[in-house]
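# Secondary and tertiary structure notes
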Amino acid sequence: MPLTVLVTGASGFVGSHLATALVDAGHTVRAMTRHPDDYDGAGEPVQADVSDRVSLDRAMVGVDAAYYLVHSLDSADFVRRDAEAARHFSAAAAQAGVERIVYLGGLGDENADLSDHLKSRREVEQLLGADGVPVTVLRAAIVIGHGGISWEITRQLVAHLPAMVVPRWATTKTQPIALADVVRYLVGVLEPEAARGRVFEIGGTEVLTYAEMMQRVAKLHHNRTLPMLTVPLLTPRLSSHWLAFVTDVDTETARNLIDSMSNEVVVHEHTILDVVPGEPMDYTAAVEEAYAQRAKANA
């Protein structure tokens, strides 16, 4: 059944692709952005900001479901800002009678010593449902696709460096997932009653270390090996400055991401397949698709 859907972060990495997929599926999309005059993506642009409750109230009138895809990782104060934004969004959604919120969060073992970034993602999960609107959560690790921050770190490091001195987090296990699969799951949980108010873990078919991810990219797209030397004393602060120097990712975002790279982020349950069937891509296919997206964007 066609729904009226609000997509936050509609001009962003995941949101722009999600808005297109929802329109293609027959839904009416309100593409939430702070700058609607500059928006050229799918759906109808609507001006709103998660830090401005009044603007959210306007944007949500008549909305059946809402996707929450925003974060403040480029801020040193991201934990407080993301919590405040989630509270605003929860209250506005409840007032508007929104039937479901869908949130893209982060993987990570609940019993582990999670980074501030992953703890914040868990807090946002709870706060989005604080006013009674059911929240469907998809927890993912690195999303592989052109324009994704984590993917760009991988791609640019491999492109710029013939060898690397890497910190201990390079040996942490993660389960990357292709952008196309993330979008497929986000669309797939919109309507089924079986997805309402549940938490799902999503990932690709392979569990890899960050080092293995970079080494495969080097082999696939640069036809070379990528020698690495692990240095345990390379701190997150030093690592973030190193990433900001070698890539175009800003230091604050890099630091917040690196803090999470010490946490193993892998899928432990596969109930998403009961709601949205289909085999996700492996890492090689995801990487090839990301490079194809990059070539198309640059053409």
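In case you missed it, the structure is sitting above this.
These notes cover the structure that comes with them. Because the structure is predicted, anything quoted here is derived from the model rather than measured.

## Side note on the layout of surface pockets
Of the volumes computed, that of the largest pocket is approximately 1400 Å³. If you go around the largest pocket, you meet 48 residues; those closest to its centre are Leu69, Val70, His71, Ser72 and Arg121. The set of elements that each furnish at least two residues to the lining of the largest pocket consists of helix H1 (13-24), strand S2 (28-33), helix H3 (78-96), strand S5 (100-106), helix H4 (116-128), helix H5 (149-160) and helix H9 (251-260). In this structure, the second largest pocket spans a volume of roughly 400 Å³. The wall of the second largest pocket is formed by 17 residues, among which Ser16, His17, Leu179, Gln293 and Lys296 lie closest to the centre. At the level of elements, H1, helix H6 (179-188) and helix H11 (283-298) are the ones that each hand at least two residues to the lining of the second largest pocket.

## Some words on the pairing of strand S6 (residues 135-140)
Of all the six residues making up S6, six are buried; the element is thus mostly covered by neighbouring parts of the structure. Covered by surrounding structure in S6 are Val135, Val137 and Arg139 together with Thr136, Leu138 and Ala140, the residues of both alternating faces. Relative to S6, S5 is paired through six bridges, and the arrangement is parallel. Across the sheet, Tyr103 pairs through a bridge with Val137, a residue of S6. Crossover handedness for the path S5 to H4 to S6: right-handed.

## Side note on the sheet that holds strand S4 (residues 65-68)
One open sheet accounts for seven strands, arranged S3-S2-S1-S4-S5-S6-S11; its pairing is parallel. Strands at the two margins of the open sheet, each flanked by one partner only, are strand S3 (44-47) and strand S11 (199-201). Geometrically, the sheet is characterised by an average inter-axis angle of 20° between neighbouring strands, direction not taken into account. Inspection of the sheet shows strand S1 (residues 4-7) paired to S2 by four bridges, in the parallel sense. The residue bridging Thr4 from the neighbouring strand is Thr28, located in S2. Contacting S1, S2, S4 and S5, H1 runs over the sheet at an angle of about 170° to S1.

## Digging into the nonpolar core
Ile144, Trp151, Leu157, Met164, Trp242 and Tyr283 are the most contacted members of the largest nonpolar core, which has 41 residues in total. Mapped onto this core, the elements with two or more residues apiece are H5, strand S8 (164-166), helix H7 (210-222), helix H8 (236-246), H9 and H11. When residues of this core are assigned to their parent elements, the largest contribution, six residues, is made by H7. In this structure, Met164 is in contact with Leu157, Val158, Met214, Leu226, Pro227, Met228, Leu229 and Trp242, ignoring residues within four places of it in sequence. Core analysis: the next-biggest nonpolar cluster, separate from the first, contains 34 residues, Val29, Ala42, Val182 and Leu190 among them.

## A few points about H7
Working note: α-helix, 3.6 residues per turn, so residues spaced by three or four point in the same direction. Helix length check: H7, at 13 residues, gives a terminal C-alpha distance of 17 Å against a target of 18 Å (1.5 Å per residue), a fit within 8%. Here H7 has its buried residues at Tyr210, Ala211, Met213, Met214, Val217 and Ala218. The buried residues of H7 occupy an angular sector of 160° when projected down its axis, which confines them to one face. Where H7 ends, the next residue or the one after it, Asn223, has phi of about 50°, a positive value.

Rules used throughout
Residues numbered from 1 in each chain as written. Predicted model: local features only at pLDDT ≥ 70, side-chain atom pairs only at ≥ 80, totals over all residues. Heavy atoms only, no water. 1 Å grid on protein atoms, 1.4 Å probe; cavity = no way out; pocket = protein on both sides within 12 Å on 5 of 7 lines; lining within 4 Å. Points joined across faces, edges and corners; volume = space filled by probe spheres on them. Helix = DSSP H or I, 4+ residues; strand = E, 2+ residues; numbered from the N terminus. Buried < 20%, exposed > 50% of the residue type's maximum accessible area, 1.4 Å probe, protein only. Pairing = 2+ DSSP bridges. Right-handed = clockwise from strand over helix to strand, strands pointing away. Axes fitted to C-alpha atoms, helices over the stretch in contact; angles between N-to-C directions. Contact = heavy atoms within 4.5 Å. Core = buried A, V, L, I, M, F, W, Y, C linked by side-chain atoms within 4.5 Å. Expected span 1.5 Å × (residues − 1). Arc of directions from axis to C-beta.

Worth remembering: the numbers are spatial, not functional.
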